[in-house]
Amino acid sequence: VQLQACGGGLVQAGGSLRLSCADSGRTFSSYAMGWFRQAPGKEREFVAAINWSGGSTFYADSVKGRFTISRDNAKNTVYLQMNSLKPEDTAVYYCAADTIVVVRTRPRYWGQGTLVTVSS
C-alpha cells in the first residue's frame, strides 16, 4: 500500500474542497480507507472511513452532514468531499488504509498528508 494524498489548499469559510488519495499498489480494493486530520497543537483525529466496497461509511460527529467519503476502486482512489468548511476544519489531512475494524482507530498504512486551511 502506497498512499498519496492531494487536494488541500486555502479556502474561505463556507467553501468546499475535495481531497483525493491514490494508492499506487495493487491491493487497494482489499482495504477499508479512512481520513484523519491533525490541527496545530492537537492530536490526530478520525474524520471518515469507508469499507472496501463503498457500501458502508462512517463519520466523526464534527463533520457529519458536511463531509462525504467515497472511493473508486477502478482508479485506486478515495475521496473526501468537504463542504461548508469552517475555520476549525483547518488541519493536515491524512488518508489511511487497513481493515474496517481498525481503520477508524489505528490504521497501519498512512499517506503523507495534505494541508487544508480555512480562513474566516
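Everything below is about the structure printed above this text.
Right, let's walk through the structure included here. (Residues numbered from 1 in each chain as written. Predicted model: local features only at pLDDT ≥ 70, side-chain atom pairs only at ≥ 80, totals over all residues. Heavy atoms only, no water.)

Looking at the pairing of strand β5 (residues 45-50)
Moving on, step 1. Burial runs high along β5: five of the six residues are buried.
Moving on, step 2. Between strand β4 (residues 32-38) and the antiparallel strand that follows it, β5, lie six residues; glycine 41 among them carries a positive phi value of about 75 degrees.
Moving on, step 3. Here three bridges tie β5 to strand β6 (residues 57-59), and the two strands are oriented antiparallel to one another. Of the residues in β6, the one forming a bridge with alanine 49 is phenylalanine 58.
Moving on, step 4. Once β5 ends, the chain turns through six residues before running back antiparallel as β6, passing glycine 54 with a positive phi of about 90 degrees. (Buried < 20%, exposed > 50% of the residue type's maximum accessible area, 1.4 Å probe, protein only. Helix = DSSP H or I, 4+ residues; strand = E, 2+ residues; numbered from the N terminus. Pairing = 2+ DSSP bridges.)

Side note on the sheet that holds strand β7 (residues 67-72)
Moving on, step 1. Read from one edge to the other, the open sheet built from four strands follows the order β1-β3-β8-β7, with strand pairing classed as antiparallel. Edge positions in the sheet fall to β1 (3-6) and β7, since each of these pairs with one other strand and no more. Between one strand and the next, the sheet's axes are offset by a mean angle of 15 degrees, whatever the strand orientation.
Moving on, step 2. Looking at chain direction, β1 and strand β3 (residues 17-23) are connected through four bridges and run antiparallel. The residue bridging cysteine 6 from the neighbouring strand is serine 20, located in β3. (Axes fitted to C-alpha atoms, helices over the stretch in contact; angles between N-to-C directions.)

Some words on the state of the cysteines
Moving on, step 1. Inspection of the entire model under this criterion finds one disulfide.
Moving on, step 2. Through a disulfide, cysteine 21 is tied to cysteine 95; the S-S separation comes to 2.0 Å. Disulfide cysteine 21-cysteine 95: the torsion about the S-S bond is 55 degrees, which places it as right-handed. A residue pair is termed long-range when its members are at least 10 positions apart, and cysteine 21 in strand β3 and cysteine 95 in strand β9 (residues 91-98) qualify at 74 residues. The same class applies to cysteine 21 and to cysteine 95, which are both buried.
Moving on, step 3. Of the cysteine sulfurs around cysteine 6, a residue in no disulfide, the closest is that of cysteine 21, at 8.3 Å. (Disulfide = S-S within 2.5 Å.)

These figures come from the coordinates and say nothing about function on their own.
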